[in-house]
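A look at the structure
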Amino acid sequence: QVQLVESGGGLVQAGGSLRLSCAASGRTFSTMGWFRQAPGKEREFVAAIRWSGGSTFYAESVKGRFTISRDNAKNTGYLQMNNLKPEDTAVYYCAALVRFFIDLRSNKYDYWGQGTQVTVSS
């Protein structure tokens, strides 16, 4: 089992920044992903990071604005979100992928955090 606890969501004006954190505990995993789900929309991939090697992957919609990182000593992942836009408004989830090979599809991830609301006002 992997337990994931998120923090850092909130309300911010367009152009502002937020940093989300995801503290992990339990068994090892290969990849941490961030996903988001807006009202009435499907959950979508945002970013992912390989936990040991640090390789990163981003959705086109957030490239250049969001940065995913991790602190292995703290077993915590981060999503730094800059230049936020109203369309970034959603519940953000971190998730852990156990199997070795990278996958960006949400239904392949094994464990999920509780989600944190991010609201960007215009």
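Residues numbered from 1 in each chain as written. Predicted model: local features only at pLDDT ≥ 70, side-chain atom pairs only at ≥ 80, totals over all residues. Heavy atoms only, no water.

Let's shift gears to the environment of Q37. Positionally, Q37 belongs in strand β4 (residues 31-37). Q37 has contacts with E42, R43, A90, V91 and Y93, leaving out every residue within four places of it along the chain. Reaching out from Q37, the side chain makes a polar contact with the side chain of R43 at a distance of 3.5 Å. (Helix = DSSP H or I, 4+ residues; strand = E, 2+ residues; numbered from the N terminus. Contact = heavy atoms within 4.5 Å. Polar contact = N/O pair within 3.5 Å; in protein donor to acceptor, adjacent residues only side chain to side chain.)

The next thing to look at is the pattern of salt bridges. Under the defined criterion, the tally for this structure stands at 6 salt bridges. For D88, the salt bridge is made with R65, and the minimal N-O distance between the two is 2.7 Å. With a gap of 23 residues between them, D88 in the loop between β8 (76-81) and β9 (90-97) and R65 in the loop between β6 (56-58) and β7 (66-71) connect regions that are remote in the sequence. We note that D88, like R65, is buried. Residues R99 and D103 are paired through a salt bridge, measuring 2.6 Å at the closest nitrogen-oxygen approach. Judged by its relative accessible area of 42%, R99 falls in the partly exposed class. The structure contains a network of salt bridges with shared partners spanning R36, E44, R65 and D88. (Salt bridge = Lys/Arg side-chain N within 4 Å of Asp/Glu carboxyl O. Buried < 20%, exposed > 50% of the residue type's maximum accessible area, 1.4 Å probe, protein only.)

With that settled, consider the sheet that holds β8. The strands making up a sheet associate through backbone hydrogen bonding, with each pair oriented either parallel or antiparallel. Sheet architecture is open: 4 strands sit in the order β1-β3-β8-β7, paired in antiparallel fashion. This sheet does not close on itself; its edge strands, each paired only once, are β1 (2-7) and β7. Neighbouring strand axes in the sheet, compared pairwise and without regard to direction, differ in orientation by 20° on average. Across 6 bridges, the pairing between strand β3 (residues 18-26) and β8 is antiparallel. Each residue of the ladder has a partner; that of L20, found in β8, is L79. (Pairing = 2+ DSSP bridges. Axes fitted to C-alpha atoms, helices over the stretch in contact; angles between N-to-C directions.)

In total, this model carries 1 disulfide according to the counting rule given. With its sulfur 2.0 Å from that of its partner, C22 forms a disulfide with C94. Disulfide C22-C94: the torsion about the S-S bond is 60°, which places it as right-handed. Highlighted residues: C22 in strand β3 and C94 in strand β9, separated in sequence by 72 residues. For the residue pair C22 and C94, the accessibility class agrees, reading buried in each case. (Disulfide = S-S within 2.5 Å.)

Let us now look at the environment of G9. Tracing the backbone shows G9 in the loop between β1 and β2 (10-13). Judged by its relative accessible area of 32%, G9 falls in the partly exposed class. In the structure, G9 is positioned 11 residues away from L20 in sequence and 6.2 Å away in space, judged by C-alpha atoms. If sequence neighbours within four positions are ignored, G9 has contacts with L18, L20, T116, Q117 and V118.

Here we come to the nonpolar core. Counting residues in hydrophobic clusters, the biggest one holds 35 residues, and the most contacted among them are L4, M32, W34, L79, M81 and Y92. For this core, the secondary structure elements donating two or more residues are β1, β3, β4, β5 (44-50), β7, β8, β9 and β11 (116-121). For this core, the element with the highest residue contribution is β9, accounting for 6 residues. Setting aside residues up to four positions removed in sequence, L4 forms contacts with C22, A23, A24, M32, C94, A95, A96, Y111, W112, G113 and Q114. (Core = buried A, V, L, I, M, F, W, Y, C linked by side-chain atoms within 4.5 Å.)

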